[in-house]
Amino acid sequence: QVQLVESGGGLVQPGGSLRLSCAASGSIFTIYAMDWYRQAPGKQRDLVANITSGGSTTYADSVKGRFSISRDNPKNTVYLQMNSLKPEDTAVYYCHADLRDRRSWRRDDYWGQGIQVTVSS
């Protein structure tokens, strides 16, 4: 069984910074891409940033230059450094991993439970 657990969310003032972490654990053989998504109230879940196993990254236009995604492969952990936060960044942030389970040998999508980020003065 595989679990993704996010941490690091909370309340921050506009212009502030937060760092989200997501640790994957369980019967993991290998993790391919890892991503961060976010979902604001009444809106769809959107991709924020993506990082491949080789370290290539992509970002949503709305966060380019402000957010940075990175990963620690030995620790099966992905990070999202969020700087210059704006009220419109307020959302529940979800970690996602495309990985292969070493017991079932299935390749599947896994999601964290989500973590709240609120940007407000």
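Everything discussed here concerns the structure shown above.
What you see is a predicted model, and the numbers here were worked out from it, not measured in a lab.

Peer 1: What am I meant to see in the overall build of the protein here?
Peer 2: Looking only at helices and strands, the protein features zero helices and eleven strands. Starting at the N terminus and ending at the C terminus, the protein contains elements arranged as β-β-β-β-β-β-β-β-β-β-β. Over its C-alpha atoms the protein spans a radius of gyration of 14 Å, differing by no more than 12% from the 14 Å that the globule rule assigns to 121 residues. Its C-alpha atoms put the protein at 45 × 25 × 25 Å along the principal axes. Taken across its 121 residues, the protein has 42% of its residues classed as buried. Pairs at least 24 residues apart make up 56% of the contacts formed inside the protein by residues separated by at least 6 positions. Surface summary for the protein: the accessible area is close to 6400 Å², and the carbon and sulfur share equals 45%. Across the protein, the 14 positively charged side chains and the 11 negatively charged ones have centroids separated by 3 Å.

Peer 1: I tried to follow the nonpolar core on my own but got confused; where do I start?
Peer 2: In a soluble, globular protein the nonpolar side chains are often hidden away together inside. Core analysis: the biggest nonpolar cluster contains 31 residues, and Trp 36, Leu 80, Met 82 and Tyr 93 have the highest contact counts within it. When residues of this core are traced back to their parent elements, those giving at least two are strand S1 (2–7), strand S3 (18–26), strand S4 (28–39), strand S5 (46–51), strand S7 (67–72), strand S8 (77–82), strand S9 (91–101) and strand S11 (115–119). It is S9 that contributes the most residues to this core, five residues altogether. When near neighbours in sequence (up to four residues on either side) are disregarded, Tyr 93 contacts Glu 6, Leu 20, Trp 36, Tyr 37, Arg 38, Val 48, Phe 67, Leu 80, Met 82, Gly 114, Ile 115 and Val 117.

Calculation notes
Residues numbered from 1 in each chain as written. Predicted model: local features only at pLDDT ≥ 70, side-chain atom pairs only at ≥ 80, totals over all residues. Heavy atoms only, no water. Helix = DSSP H or I, 4+ residues; strand = E, 2+ residues; numbered from the N terminus. Rg over C-alpha atoms; globule rule 2.2 N^0.38 Å. Buried < 20%, exposed > 50% of the residue type's maximum accessible area, 1.4 Å probe, protein only. Contact = heavy atoms within 4.5 Å. Areas by Shrake-Rupley, 256 points an atom, 1.4 Å probe, with all protein chains shown as cover. Lys, Arg positive; Asp, Glu negative; His and termini not counted. Charge placed at Lys NZ, Arg CZ, Asp CG, Glu CD. Core = buried A, V, L, I, M, F, W, Y, C linked by side-chain atoms within 4.5 Å.

That's the geometry; what it means functionally is another story.
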